[in-house]
Amino acid sequence: MIQRQIDVALGERSYPIYFGTGMTASFAPTCQQHGIPRQVVIITDTTVAQHYLEPLQKHLHHFEFDASSIILPPGEIQKSLSRANVIFTALLQRGIGRKAAIIALGGGVIGDLAGFVAATYQRGITLIQVPTTLLAQVDSSVGGKVAVNHPLGKNMIGAFYQPKFVWIDGQTLQTLPSREVICGLGEVVKYGVVFDAEFFAFLEVNLDAIMKLDQAALMHVQARCCELKARVVAEDEREIGLRAVLNYGHTVGHALEAAGNYRALKHGEAVLLGMAAEAFIAQQMGLLPLDVLERIESFVSRIPLRMKRDALASSKILDAIQRDKKTVDGKTRFVLPVRLGEVRILEGVEPELIRSSLKRAFDLVGKSRSSQ
Ligand SMILES: NC(=O)c1ccc[n+]([C@@H]2O[C@H](COP(=O)([O-])OP(=O)(O)OC[C@H]3O[C@@H](n4cnc5c(N)ncnc54)[C@H](O)[C@@H]3O)[C@@H](O)[C@H]2O)c1
Ligand SMILES: [Zn+2]
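Residues numbered from 1 in each chain as written. Chains lettered and ligands numbered in written order. Predicted model: local features only at pLDDT ≥ 70, side-chain atom pairs only at ≥ 80, totals over all residues. Heavy atoms only, no water.

Colleague: What is the right way to read the coordination of the zinc ion (ligand 2) from this model?
Modeller: As a benchmark, a tetrahedral metal site with four donors has ideal angles of 109.5 degrees, while an octahedral site with six donors has ideal angles of 90 or 180 degrees. Looking at the zinc ion (ligand 2), the protein donor atoms are Glu187 (OE), His250 (NE2) and His267 (NE2), and they sit 1.9 to 2.1 Å from it. For the zinc ion (ligand 2), the donor residues sit on a single chain with the sequence spacing E-x62-H-x16-H. In this pair, His250 sits in helix H9 (residues 250–259) while His267 sits in helix H10 (residues 267–284), placing the two residues 17 residues apart along the sequence. Overall, the relative accessible area of 5% leaves His250 in the buried class. (Donors = N, O, S within 2.8 Å, 3.2 Å for Na, K, Ca; no water. Helix = DSSP H or I, 4+ residues; strand = E, 2+ residues; numbered from the N terminus. Buried < 20%, exposed > 50% of the residue type's maximum accessible area, 1.4 Å probe, protein only.)

Shown next, in the form of structure tokens:
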């Protein structure tokens with residue numbers, strides 16, 4: 001049953017995000033209401049397929065959709081041009097034409113990759129996002145950024161391509177490993193710090209409930225994050241201005257991911273540490289009061305992060321920050337909090353300050369372990 005709907009207002013490209021639990025009963029009728037073509041291809045990974053593919057496919061067949069599937073191995077490495085090409089080949093071999101739809105069933109990797117395929121196959125075919133990780137449900141499935149990675153940089157080849165609708169079934173999170181819940185929390189906390197002090201306070205109180213996958217707490221989290229993201233995307237679809245604030249934690253975060261060769265830390269984990277580091281930078285530059293820094297740090301330290309610190313040399317991280325695509329005219333941009341609910345974009349943070357912010361953020365991980 002659909003319990004809630006949030007709309008992303010983008011003129012003729014507007015679309016709804018539907019929320020509920022155990023929603024296979026109403027997915028196909030919703031496709032029909034949206035005029036989704038009869039021929040649909042579900043792109044997913046083996047882990048997600050194991051849990052959710054068969055029921056979804058059966059349900060679609062029951063409503064007379066011609067639903068086939070393409071199942072990939074899981075992992076960030078799949079987000080490549082060569083993997084996209086394998087999918088193009090499969091679509092062509094199956095004779096899939098423009099009057100077909102792609103259903104991206106999975107986490108952010110599947111959403112970004114299948115979305116990229118939908119954006120480019122025969123100049124674009126219909127896309128439906130069915131995110132199954134917390135990260136994808138609060139962030140990547142909404143807003144239309146689709147991409148694959150290039151050996152020289154993450155998300156370097158992509159497009160803005162909005163789905164027809166986003167379908168969030170909270171129950172899919174029940175099978176999500178706790179490390180993936182933590183990754184989703186990275187983006188969730190970001191919304192609190194950037195836009196909404198009250199939401200940040202909700203997260204402080206409800207962190208344990210969220211970690212235990214409490215349905216009510218999760219539903220509030222998903223809805224609030226999507227509401228905030230929908231608002232930002234409606235105002236600045238192509239990240240010319242406002243949308244850039246969603247990069248809080250990501251200047252340092254992306255560099256941490258790159259320095260660890262995308263193996264030492266997952267995206268959400270890197271963003272959590274990146275947010276702590278960037279909050280410290282803000283406090284040291286006199287922008288953020290100490291008590292707010294301490295709240296952010298204390299929140300991050302409560303999350304049991306795994307980190308191979310040896311794989312994360314400061315020099316490598318600083319190099320990666322220099323190369324980041326958020327660099328404009330040779331200067332790296334930082335999104336820095338000034339209070340809970342407000343950030344400022346700044347350039348030219350001293351390398352020495354970045355170095356000390358990394359040390360301080362890494363020390364939080366030690367704290368979370370010793371307090372367990
Ligand atoms: N497009 C955007 O705006 C945007 C925003 C943020 C992140 N991203 C991208 O998202 C990607 C990360 O996404 P992610 O964190 O969802 O990772 P992911 O897609 O790799 O999923 C994580 C793991 O969880 C498994 N999984 C997924 N759903 C499951 C379920 N319900 N039960 C059990 N296992 C499940 C997957 O098989 C995978 O092994 C990155 O590539 C990042 O760049 C994109
Ligand atoms: Zn992110």
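Colleague: Please explain the pattern of salt bridges as it appears in this structure.
Modeller: Pairing between side chains becomes possible if they bear opposite charge and their charged atoms approach one another. Within this structure, the stated rule accounts for 20 salt bridges. Taking the shortest distance from any N to any O, the salt bridge between Glu76 and Lys154 comes out at 3.1 Å. Of this pair, Glu76 sits in the loop between strand S4 (66–72) and helix H3 (81–93) while Lys154 sits in strand S8 (residues 153–160), and the two are 78 residues apart along the sequence. Taking relative accessible area as the criterion, Glu76 reaches 28% and is therefore assigned partly exposed. The class for Lys154 is buried, based on a relative accessible area of 13%. With its nearest N and O atoms 2.6 Å apart, the salt bridge here joins Lys229 to Asp139. In this pair, Lys229 sits in helix H8 (residues 215–235) while Asp139 sits in helix H5 (residues 134–140), placing the two residues 90 residues apart along the sequence. In this pair, the class of Lys229 matches that of Asp139, namely buried. Each of the salt bridges in this network shares a partner with another, and the network as a whole consists of Glu76, Lys79, Asp112, Lys154 and Glu257. (Salt bridge = Lys/Arg side-chain N within 4 Å of Asp/Glu carboxyl O.)

Colleague: Is there a simple way to think about helix H7 (residues 197–211) in this case?
Modeller: Helix length check: H7, at 15 residues, gives a terminal C-alpha distance of 20 Å against a target of 21 Å (1.5 Å per residue), a fit within 8%. Most pronounced at Val205, the bend in H7 amounts to some 60°. Within H7 the residues assigned to the buried category are Phe199, Phe200, Leu203, Asn206, Leu207 and Ile210. Sitting at the amino-terminal end of H7 is Asp196, which places a side-chain oxygen 3.1 Å from the backbone nitrogen of Glu198. With its phi angle positive at about 60°, Leu213 sits one or two positions after the end of H7. (Expected span 1.5 Å × (residues − 1). Bend = angle between axes of the 7 residues up to and from the residue. Polar contact = N/O pair within 3.5 Å; in protein donor to acceptor, adjacent residues only side chain to side chain.)

Colleague: What's the story with the packing of aromatic side chains in this structure? I'm lost.
Modeller: Aromatic ring pairs are reported here in terms of the distance separating the ring centres and the angle at which the planes meet. As enumerated under the stated definition, the model contains eight aromatic pairs in all. On the basis of an interplanar angle of 80° and a centroid distance of 5.1 Å, the ring pair of Phe27 and Trp167 is categorised as edge-to-face. Of this pair, Phe27 sits in helix H1 (residues 24–33) while Trp167 is found in strand S9 (residues 165–169), placing the two residues 140 residues apart along the sequence. Per residue, the accessibility class of Phe27 equals that of Trp167, and both read buried. (Phe/Tyr/Trp six-rings, centres within 6.5 Å; stacked < 30°, edge-to-face > 60°.)

Colleague: Looking at this structure, how should I read the pairing of S4?
Modeller: In summary, the side chains of a regular strand alternate between the two faces of the sheet. Note: strand S3 (residues 39–45) against S4, seven bridges, orientation parallel. When the sheet's bridge partners are listed, Thr44 is paired in S4 with Ile71. The β-α-β motif built from S3, the intervening helix H2 (residues 46–62) and the parallel element S4 has right-handed crossover chirality. (Pairing = 2+ DSSP bridges. Right-handed = clockwise from strand over helix to strand, strands pointing away.)

Colleague: In this structure, what is going on with the sheet that holds S4? I would like to understand it.
Modeller: As a general point, the strands of a sheet are linked pairwise by backbone hydrogen bonds and lie either parallel or antiparallel. The sheet built from seven strands is open, its strands ordered S1-S2-S9-S6-S5-S3-S4 with mixed pairing. The open sheet has two free edges, formed respectively by strand S1 (2–8) and S4, since each of these has just one partner strand. Averaged over neighbouring strand pairs, the angle between their axes works out to 20° when direction is ignored. Pairing analysis gives two bridges linking strand S6 (residues 126–131) to S9, with the strands arranged parallel. Note on S9: the bridge partner recorded for Ile128 is Phe165. Across the sheet, helix H4 (residues 108–120) is in contact with S3, S4, strand S5 (101–106) and S6; its angle to S5 comes to roughly 170°. Contacting S1, strand S2 (15–20) and S9, H8 runs over the sheet at an angle of about 20° to S1. (Axes fitted to C-alpha atoms, helices over the stretch in contact; angles between N-to-C directions. Contact = heavy atoms within 4.5 Å.)

Colleague: So what exactly am I meant to see when it comes to the domain arrangement of the protein here?
Modeller: Assigned domains within the protein: domain 1 (2–175) and domain 2 (179–370). Between the C-alpha centres of domain 1 and domain 2 the distance comes to 27 Å. Contacts between the two partners involve 30 residues from domain 1, matched on the other side by 30 residues from domain 2. For the domain 1 and domain 2 pair, buried surface summed over both sides reaches about 2,700 Å², with 63% attributable to carbon and sulfur atoms. Summed over the three residues of domain 1 that lose the most area to domain 2, namely Leu134, Val138 and Phe160, the buried surface amounts to 23% of that side. Here domain 1 is connected to domain 2 by six salt bridges. With a closest N to O distance of 2.6 Å, Glu237 and Arg13 form a salt bridge. (Domains from an automatic or database assignment. Buried area = accessible area lost by both parts, 1.4 Å probe.)

Colleague: Teacher, can you tell me more about the environment of Lys212 here?
Modeller: Here Lys212 lies in the loop between H7 and H8. On the basis of relative accessibility, which here comes to 70%, the residue Lys212 falls in the exposed class. For the pair Lys212 and Ser178, spaced 34 residues apart in the sequence, the C-alpha separation amounts to 8.6 Å.

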